[in-house]
4 protein chains.
Amino acid sequence: MHDALPSASRDLDLDGDTLREECGVFGIFGHPDAAAITALGLHALQHRGQEAAGIVTFDGARFHAERKLGLVGDSFSSREVIERLTGANAIGHVRYSTTGETVMRNVQPLFAELDAGGFAVAHNGNLTNGLTLRRELIREGAICQSTTDTEVILHLLARSRKPRIVERFLDAIRALEGAFALVCLSNKKLIGARDPYGIRPLVIGELDGRYILASETCALDIIGARFVRDVENGEVVVITEGGIESLRPFPAVPERPCVFEYIYFARPDSIVNGKSVYEARKNLGAQLAAESPAEVDVVVPVPDSGVPAAIGYAQAACVPFEMGIIRNHYVGRTFIQPTQSVRELGVRMKHSANRGVIAGKRIVLIDDSLVRGTTSVKIVRMMREAGAKEVHFRIASPPIKHPDFYGIDTPEREKLLAATHDLEAMRAYIGADSLAFLSIDGLYRALGFAGRNAERPQFTDHCFTGEYPTGLTDLGIETPKRLSILAEAD
Amino acid sequence: MHDALPSASRDLDLDGDTLREECGVFGIFGHPDAAAITALGLHALQHRGQEAAGIVTFDGARFHAERKLGLVGDSFSSREVIERLTGANAIGHVRYSTTGETVMRNVQPLFAELDAGGFAVAHNGNLTNGLTLRRELIREGAICQSTTDTEVILHLLARSRKPRIVERFLDAIRALEGAFALVCLSNKKLIGARDPYGIRPLVIGELDGRYILASETCALDIIGARFVRDVENGEVVVITEGGIESLRPFPAVPERPCVFEYIYFARPDSIVNGKSVYEARKNLGAQLAAESPAEVDVVVPVPDSGVPAAIGYAQAACVPFEMGIIRNHYVGRTFIQPTQSVRELGVRMKHSANRGVIAGKRIVLIDDSLVRGTTSVKIVRMMREAGAKEVHFRIASPPIKHPDFYGIDTPEREKLLAATHDLEAMRAYIGADSLAFLSIDGLYRALGFAGRNAERPQFTDHCFTGEYPTGLTDLGIETPKRLSILAEAD
Amino acid sequence: MHDALPSASRDLDLDGDTLREECGVFGIFGHPDAAAITALGLHALQHRGQEAAGIVTFDGARFHAERKLGLVGDSFSSREVIERLTGANAIGHVRYSTTGETVMRNVQPLFAELDAGGFAVAHNGNLTNGLTLRRELIREGAICQSTTDTEVILHLLARSRKPRIVERFLDAIRALEGAFALVCLSNKKLIGARDPYGIRPLVIGELDGRYILASETCALDIIGARFVRDVENGEVVVITEGGIESLRPFPAVPERPCVFEYIYFARPDSIVNGKSVYEARKNLGAQLAAESPAEVDVVVPVPDSGVPAAIGYAQAACVPFEMGIIRNHYVGRTFIQPTQSVRELGVRMKHSANRGVIAGKRIVLIDDSLVRGTTSVKIVRMMREAGAKEVHFRIASPPIKHPDFYGIDTPEREKLLAATHDLEAMRAYIGADSLAFLSIDGLYRALGFAGRNAERPQFTDHCFTGEYPTGLTDLGIETPKRLSILAEAD
Amino acid sequence: MHDALPSASRDLDLDGDTLREECGVFGIFGHPDAAAITALGLHALQHRGQEAAGIVTFDGARFHAERKLGLVGDSFSSREVIERLTGANAIGHVRYSTTGETVMRNVQPLFAELDAGGFAVAHNGNLTNGLTLRRELIREGAICQSTTDTEVILHLLARSRKPRIVERFLDAIRALEGAFALVCLSNKKLIGARDPYGIRPLVIGELDGRYILASETCALDIIGARFVRDVENGEVVVITEGGIESLRPFPAVPERPCVFEYIYFARPDSIVNGKSVYEARKNLGAQLAAESPAEVDVVVPVPDSGVPAAIGYAQAACVPFEMGIIRNHYVGRTFIQPTQSVRELGVRMKHSANRGVIAGKRIVLIDDSLVRGTTSVKIVRMMREAGAKEVHFRIASPPIKHPDFYGIDTPEREKLLAATHDLEAMRAYIGADSLAFLSIDGLYRALGFAGRNAERPQFTDHCFTGEYPTGLTDLGIETPKRLSILAEAD
């Protein structure tokens, strides 16, 4: 279910000119500092979602929850908050809000008090039949309290007639279509699950003999935990005091992880499906240098996400790498420009030209991807105003022509620059002296393959190719009138 | 379901020495200022619940909600809040929290998005089979988001197989046992309902041709609305654009409204079931003067609730009425004493002796009822310290010996002074020179009857007599372990 | 200095139709619970000012301050706040804001770090040469941080060349003109002072051997302290560990306390200058009954301030006293009506008719004073709508024709109804069947004198007579342009 | 005046292991969007102070102020705040709090209402006779409301007997000793001033014909303003509607700007005293590579401040530059670790190892400076845990052996690692395989000089050399007992 409703998050993005991951998930079982460790893990996953964060713990008798809008470091840094979250088992979530407005009732983990005890769920991904399932459930008398697709998982679980919680969970996820990396907590178990294609990532770690689940390995590193292995595509892992058990509730299919984790989403120091993200990005840059060289004096990254590809490009091209654009990290994603006339100053809130490096030089700008192009326009203009002699633009991924339905917040198709412009038109729009994208086979080569396997693509790459690995059941369904109540001042 | 969990409200009551109503309800259909009028109506009903307030509106397409802890005047006085609550139909609620901790998720009106559209419910009263119903619903797969008994009404409605919303509502309320005055809002209807005995009050009003439902007539007076009639016991009224329709889903039984509305809860300027509350209280005082005269110089009310009975007593006894105790209204119910040594100052936070009226006099104190007696002890002591020569105490209702299960927050039985002490022991405990209560027949006489009809009591008077009009299904059921998550900082 | 700037407080008063005292002060020396006791004392004085409250303590090494907008019970009820206010010596203040906008920087007590140590001051009253002094001080290089007249006292103290703090304080107050009851705290002393005429009240109390200063005796009663005596007009009392010392820095003049303390401001249970306020008000009512009887069925007070006078009137006139108007105390002074159409509902937010008492009756309404008359208009109309046959209005004080400059917030002269209308015009405006005020000699008689001593009036009664006891130096001075910065989000 | 009081800011720094600038200043004269532009300028200067920010405007009649704790982007991004700051003239300030606790009353700009009108001042730097001046002023009757040294400037101004505001300002600053870059606003003028040595920077810009003052050129770039020139050392510039006037109130001395602006404080894209900061840092790295080469496989910066020097080092040494440490920017400076056991995880909150780049490699880490060394210890350990074969450490500045008194927040001398350890002891403490610092002459060479001029050092470099350019009058003076009151909830 891709939700087209306007959300607060879009206001925060000055131009709507980035892709955004919805979520990061984390869980730990049996550790005395479960809540504090979960807060740290979520902090390391903050790049996956900055709108809201939540933690649910279980202390042997009761579940406790804290769910807040804003950054983990702001919401979960105080002693009082962590002390309210008693218990040795915990799961947590950071989020953007593609489905459901960002109001407190949508902040995850979601929780239900079942017959058999409590059950909490944290979800990274997006269901492509969430709306359809929701309608069926409501028709059968379910009362939904959130507007997220995640809640249907709880209702499916509550309605399963199976006696044991794990069986009920398998009943529930078998009904799902789309992308899901789930971390769940029951009275006695920590459960992890990945959809049949393994679209969104999930790894298993270990700290002092206790198991951890996390979206990325960087969430293990922050706490000094050991990386054990990835949860595999289509796998369910059940962690109890007795150890870890692996279940395979789905028919086996080859994995097809989302290629955007390498291009943009995952943190550069993470290892995703066995590959270093930083090395992958450097390779994308090096491949791009081989495919589309430029006669320039300096290689300049669009910070921060373009830095690794730019280093790769510069090393491959033997051209100096320079920080020609300075990023103001204090802006966060929360600065709202005060007046209209000031709004026109635009991208300079976040980026500024490092004039000494740019003036009189031929430069090549390296960015990870191109979405709407609005930021690129401003950056090219800024480079020219800073005295660049030539401004070449290189994108370390192929043109994005199709929307995502698996948990990445893409603009509508008509706002994707590459969906409506050819290469020359894009170059002219951006104002660069030249523009080039990485080829689709170059993408696969940089990631260690001979090229894209057209029969069985090694990655989920629908944004470039339009090939979606799963059904898209909700696609024809009109977005529902929002009958649900709006939450009060959050 | 009487909830024994500690609640914030009890901390706010210095001594736990008052009875408290849980709720007031209000609704209006078809008025352009629906939300603002509902806020005013709730403000007039504030005496029925000060912990939280909520309003839900429907604007023809969407429902909007604002639910807040604190007073109506603080939460619903700003233009922005009222402007968010668009729509011509609205219901509202003020509450205490006998069932369910006071956290945002429990603040009413509660809302569900049903198959057929949204449905909001505001409830005054308490179900005596709420816990039992809740368990059955969870066993069948329902997910409860609040810990109130009111939520079961929504689930019953959602699960009804009937096609039309009113039929589903009737299905739901036929399953209920206990006391309920409900005001509900669907896409097209404003619905009011009173339990078969009419334990809690509910009236119909009219403003500029639009219908209103409210707990008391004082909520009509504040907006200049006309009183139409009481909703009758066991009646359901359905208000639509076409007018008002009356349904009778229960077998007919004689009404038996709660007598405490006259003694303490309702506002003195309200007309409850056709009787002026102020006049009723003056009659209770006059009857008390006839039954238990006192040789005194002045009659002193325990303010504010004892004032009308004291006026009645004074007029009947031909003794001067004087404000011998001054109440500090600024204390509200929110003052928390800062230190232990200060806490011992006790009742003086709220009441102080008006020395000039007391010193050297024989006085009779008039209070509306006696619960634990802790406040009475302090007040008698305060009177003596202020120089009273004699202090007589008269209570304008019979001794309270039994707990309530219909929406009044009574202490456990063993903390009710009259449940464990005889008259002389109570007098000695309080430290008065004499003590007298109104007789049970005197109570009925003051309210216009020849006496209590033992066969068919005209009022619900179980706190005095132990005779409960309904079954008490939940009574034997142990309070559940709270598996449900605690809400975050409210 | 009378400040004509709009202030938040006026918005809070629905009609600007009350008089308001600016302040209450409190201090205690040498008590382990100094801050908590001061909070309680201020709570008892809350009727003297509800906009802001502050406490300053000294712990032997440092001063600590907490100054907050809002009620004492909201700001000073938490353990943490009181625990931050360490030390055995404390002073406190509650305020309205006639001079200076209500922003944090104006909330008292004000504090200065002098050469000799810290000095804090809390002021009840108003200086009539505050603006003049302020200008001189600024001309000499003083930097004012507040916009209150009280700050000039600190600057005068700081600039005195005298070596000892008490001498510097006497230097400072000798320069003042107008009304002041001061409570001050230095490193070693608690100081109280009253202006030469004793316009505003100040009393000395004692608790467990420690001295207390307070605006009214009700602040002693709340903590069980003993009333010692009034600070006399023109007296300075200096409290140290060695006891209490009395100084007389001014030429002796007869006392002339403000008569409005009896009519309206002081709490009914206070003893002001040896007279019970409650008895005084009953006498005003009785005298009014003698001067201006009415042929009526019931006497109805305008609650709450009209209650004692109405009891006095009713007893003198042998007519039943009834609560014909019910006041909603939850409204506090903070309710802001949400929409224009709702605003027209006006006075009903606070008052409502008790129809059963009014309908078909001839009534006399008793109010303490008449300012603009706007509330009276609404109340008379409300009585008629409730069915009153005749509505007579009696005011238990003379007509207010002149503004105050001593700490009472009166409207400008042209908005005082009695300044611009004769009796019949006022009656017609209010819509009453008859209207009468207490005579000026009746006022003095009710307060125990044979009448007003025209040579040497026993009270400050300028609002009725236009005779101001002090110079009014600032009167001709134009209100300054506000160059001072506005405080940030309060 | 170096203030040894604990401040909130130190808690926010995990290890106290950075140097921190106190402040950034900004001003604009005659622009319709003065407040919004000032907010943007302060946002660009946010790296100079993150604890608090303030803006004062003048609208021709009144001054307006907003002063807030926290980031500019959080405090000054809303329309309402900017709209309250009316007027075409504005000054602003961002700050740390070396002098004075961080409470609202210390947040700049400070303001005084003088005889002649209002005057606001924003100060970057630190006075070395501030405490001495403060004592004299208090002795003469001044009342200080803040605990900052900046307030003495206002008092000196207020007490000057000169008739015109500029003359009074010159009187005031002639009394100062230490470092100051001031931006001030009077009714008619925007004034900038730099101390005789020009220790802290200040530049003049121009936007649409209106003059701007700012700490760094990056604050001009963000709004597209043109750089005009630096305010010179010892210069006062007075901006009015008539243009800009330059005054020279001090005896001429050669400039001696603080060398730390190049090493660490200024933003890399700023031009300070005519030199590009980014180029200067690259030169420091290149000079370091020449002086202290290392046999390594990769050059790794300690991000973010070590990045330019590392690029310079890598280019000079012809060794690949790699992002071997990933910085989590979300942590900001506000994350407080929740529990003790979690606290031991330390530096990983902010930095994590990029394992793929480190494992099996010989690396050289480049940092800008070494203060306490605690972060370096953790980073070296982190590199070893990530598999580095050798870890060499190079510091792109000389050893810091002396505290600063001019507005940089240095730890006490005994906590400066280089003040108490020789090179080998430092290496051993940090755990690196080798350690080297840039030489003092290398520092000057990298900045364009043949070496340090020992007679007349071209920079203020006391932290390395112990040579302070100004007197240090306050040095012997004991820090005062804090008699001043603590502010309430900020």
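The residue numbers shown here count from 1 along each chain, following its written sequence. Throughout, the order in which chains and ligands are written sets their labels, letters from A for the former and numbers from 1 for the latter. Totals for whole chains, interfaces and linings use every residue, but because this is a predicted model, local features are given only for residues with pLDDT of at least 70 and side-chain atom pairs only at 80 or more, for both listing and counting. In computing side-chain values, all of the structure's heavy atoms are included and hydrogens and water are not.

1. Remarks on the overall build of chain A
Note the following rule: A run of DSSP states H or I qualifies as a helix once it reaches four residues; a run of E qualifies as a strand once it reaches two. Both are numbered from the N-terminal end. Any residue under 20% of the maximum accessible area for its type is buried, any over 50% is exposed, and the rest in between are partly exposed; the area is computed with a 1.4 Å probe on protein chains only. We call two residues in contact whenever any of their non-hydrogen atoms come within 4.5 Å of each other. Per-residue and other accessible areas were derived by the Shrake-Rupley procedure at a 1.4 Å probe size, with only the shown protein chains allowed to occlude residues.
The number of helices and strands found in chain A is 18 helices and 23 strands. Classification of the 490 residues of chain A by burial places 67% in the buried group. Across chain A, the fraction of contacts at a sequence separation of at least 24, relative to all contacts at a separation of at least 6, is 69%. For chain A, the accessible area works out to roughly 15,400 Å², and carbon and sulfur atoms hold 51% of it.

2. Quick look at the nonpolar core
What counts here: To define a nonpolar core, start from buried Ala, Val, Leu, Ile, Met, Phe, Trp, Tyr and Cys residues and group those joined through side-chain atoms within 4.5 Å.
Counting 144 residues, the largest nonpolar core has B:Phe260, B:Leu365, B:Met383, C:Phe260, C:Leu365 and C:Met383 as its most contacted members. One finds A:Tyr278, A:Val319, D:Val259 and D:Ala309 within the second-largest nonpolar core, a separate group that totals 141 residues.

3. Things to note about the sheet that holds strand S9 (residues 203-207) of chain B
Two pairing modes exist for strands in a sheet, parallel and antiparallel, and in both the strands are linked by backbone hydrogen bonds. Residues and elements named next belong to chain B. Cut-off, in case you're wondering: Whether two strands pair comes down to DSSP finding at least two bridges between them. What counts as an axis is a line fitted to C-alpha atoms, over the stretch in contact for a helix, and the angles between N-to-C directions run from 0 to 180 degrees.
Strand order in the open sheet formed by 7 strands is S3-S2-S4-S1-S10-S9-S11, and the pairing between neighbours is antiparallel. A strand with exactly one partner marks an edge of an open sheet, and here the two such strands are strand S3 (63-69) and strand S11 (226-230). If you compare each strand with its neighbour and ignore which way they point, the axes differ by 15 degrees on average. Here strand S1 (residues 23-29) runs beside strand S10 (residues 210-214); their pairing, made up of 3 bridges, is antiparallel. By the bridge assignment, Phe26 is partnered in S10 with Ala214. Across the face of the sheet, helix H2 (residues 34-44) comes into contact with S1, strand S2 (52-58), strand S4 (89-95) and S9 while running at roughly 25 degrees to S4.

4. What to know about the sheet that holds strand S2 (residues 52-58) of chain D
Residue and element names in this part refer to chain D. Pairing is antiparallel in the open sheet, where 7 strands are placed in the order S3-S2-S4-S1-S10-S9-S11. Edge positions in the sheet fall to strand S3 (63-69) and strand S11 (226-230), since each of these pairs with one other strand and no more. Between one strand axis and the next, the sheet turns through 15 degrees on average, direction left out of account. Packing of helix H2 (residues 34-44) onto the sheet brings it into contact with strand S1 (23-29), S2, strand S4 (89-95) and strand S9 (203-207), and relative to S4 it is tilted by some 25 degrees.

5. Section: the packing of aromatic side chains
Keep this limit in mind: Side-chain rings of Phe, Tyr and Trp, where Trp is taken by its six-membered ring, are said to pair if the distance between their centres is within 6.5 Å; with planes under 30 degrees apart they count as stacked, over 60 as edge-to-face, and otherwise as tilted.
Overall, the coordinates contain 50 aromatic pairs over all chains when judged by the stated rule. Taking the centre distance of 6.2 Å and the plane angle of 55 degrees together, the rings of B:Phe180 and B:Phe250 count as tilted. Taken together, the positions of B:Phe180 in strand S7 (residues 178-186) and B:Phe250 in the loop between strand S13 (243-247) and helix H9 (260-265) put the pair 70 residues apart, joining distant regions of the chain. Assessed through its relative accessible area of 1%, B:Phe180 is described here as buried. The class of B:Phe250 is buried, set by a relative accessible area of 15%. Judged by centre distance (5.8 Å) and plane angle (75 degrees), the ring pair of D:Tyr262 and D:Phe459 falls under edge-to-face. Residue D:Tyr262 is located in helix H9 (residues 260-265), and its partner D:Phe459 is located in the loop between helix H17 (440-446) and helix H18 (462-465); the two are separated by 197 residues in the primary sequence. Taken together, the aromatic side chains of A:Phe260, A:Tyr264, A:Phe265 and A:Phe464 make up a single cluster linked through ring pairs.

6. Here we look at the confidence of the model for chain A
Residues and elements named next belong to chain A. We apply this condition: Scored from 0 to 100, pLDDT records how confident the predictor is in each individual residue.
With 88% of its residues at a pLDDT of 70 or more, chain A shows a mean pLDDT of 89. Under a pLDDT of 50 for its full length, residues 1-15 has, in the predicted model, 43 contacts with residues more than four places off or in other chains. For the stretch residues 481-490, pLDDT sits under 50, and the model shows 38 contacts to residues farther than four places along the chain or on other chains.

7. Re the domain arrangement of chain A
One frequently used descriptor of interface size is the decrease in accessible area upon assembly of the parts. Spelled out, the test is: An automatic or database domain assignment supplies the residue ranges for each domain.
The assigned domain composition of chain A is domain 1 (8-255) and domain 2 (276-465). Computed from C-alpha coordinates alone, the two centres of domain 1 of chain A and domain 2 of chain A are separated by 32 Å.

8. Side note on the pairing of strand S13 (residues 243-247) of chain D
Residue and element names in this part refer to chain D. As judged from the 5 bridges shared by strand S12 (residues 236-240) and S13, these two strands associate in the antiparallel manner. Bridge pairing in S13 links Val236 to Leu247. Turn length for the S12-S13 hairpin, with the two strands adjacent in sequence and antiparallel, is 2 residues.

9. Brief notes about the UniProt feature "active site" (unreviewed entry) in chain A
This is how it is decided: UniProt positions are given in the numbering used here, feature names are shortened, and annotations may be inferred rather than shown by experiment.
In this structure's numbering, the residues bearing the UniProt feature "active site" (unreviewed entry) are A:Cys23. Among the structural elements, A:Cys23 can be located in strand S2 (residues 23-29).

10. Observations concerning the pairing of strand S13 (residues 236-240) of chain A
Residues and elements named next belong to chain A. Burial analysis of S13 places 4 of its 5 residues in the buried class, the great majority of the element. In terms of strand pairing, strand S9 (residues 190-194) meets S13 through 4 bridges, oriented antiparallel. Each residue of the ladder has a partner; that of Ile191, found in S13, is Val238.

11. Some points on the side chain of C:Arg48
Residues and elements named next belong to chain C. Quick note on the threshold: Side-chain atoms alone can form a polar contact between residues adjacent in sequence; in general such a contact is a pair of N or O atoms within 3.5 Å, and within protein one must be able to donate a hydrogen while the other accepts it.
Tracing the chain through its elements places Arg48 in the loop between helix H2 (34-44) and strand S2 (52-58). Judged by relative accessible area, which is 0%, Arg48 ranks as buried. A polar contact is formed between the side chain of Arg48 and the side chain of Glu261, at a distance of 2.8 Å.

12. Concerning unusual backbone geometry
A:Pro303 connects to A:Asp304 through a cis peptide bond whose omega is -10 degrees. Despite not being glycine, C:Asp208 has its phi angle at roughly 50 degrees, a positive value. Checked against the element boundaries, C:Asp208 lands in the loop between strand S9 (203-207) and strand S10 (210-214). Located in the positive-phi region is D:Cys318, a residue other than glycine, with phi close to 55 degrees. With respect to the helices, strands and loops of the structure, D:Cys318 is situated in the loop between helix H11 (307-317) and strand S17 (325-327). Residue D:Cys318 is classed as exposed on the basis of its relative accessible area, which comes to 71%.

13. Considering helix H7 (residues 165-174) of chain B
H7(B) sits mainly inside the fold: 7 of its 10 residues count as buried. Among all positions in H7(B), only B:Ile165, B:Val166, B:Arg168, B:Phe169, B:Leu170, B:Ala172 and B:Ile173 are buried.

14. Notes on the pattern of salt bridges
Between side chains of opposite charge, a pair can form when the charged atoms approach closely. Applicable threshold: The salt bridge definition used is simple: a Lys or Arg side-chain nitrogen within 4 Å of an Asp or Glu carboxyl oxygen.
This structure, assessed with the given rule, holds 87 salt bridges over all chains. Between B:Arg427 and B:Glu424 there is a salt bridge; the shortest N-O distance is 2.8 Å. In this pair, B:Arg427 and B:Glu424 both sit in helix H16 (residues 423-430), 3 residues apart, roughly one turn of the helix. B:Arg427 gets classed as partly exposed once you look at its relative accessible area, which sits at 23%. Residues C:Arg452 and C:Asp461 are paired through a salt bridge, measuring 2.5 Å at the closest nitrogen-oxygen approach. Put simply, A:Arg48, A:Arg200, A:Glu216 and A:Glu261 are held in one network by salt bridges that share partners.

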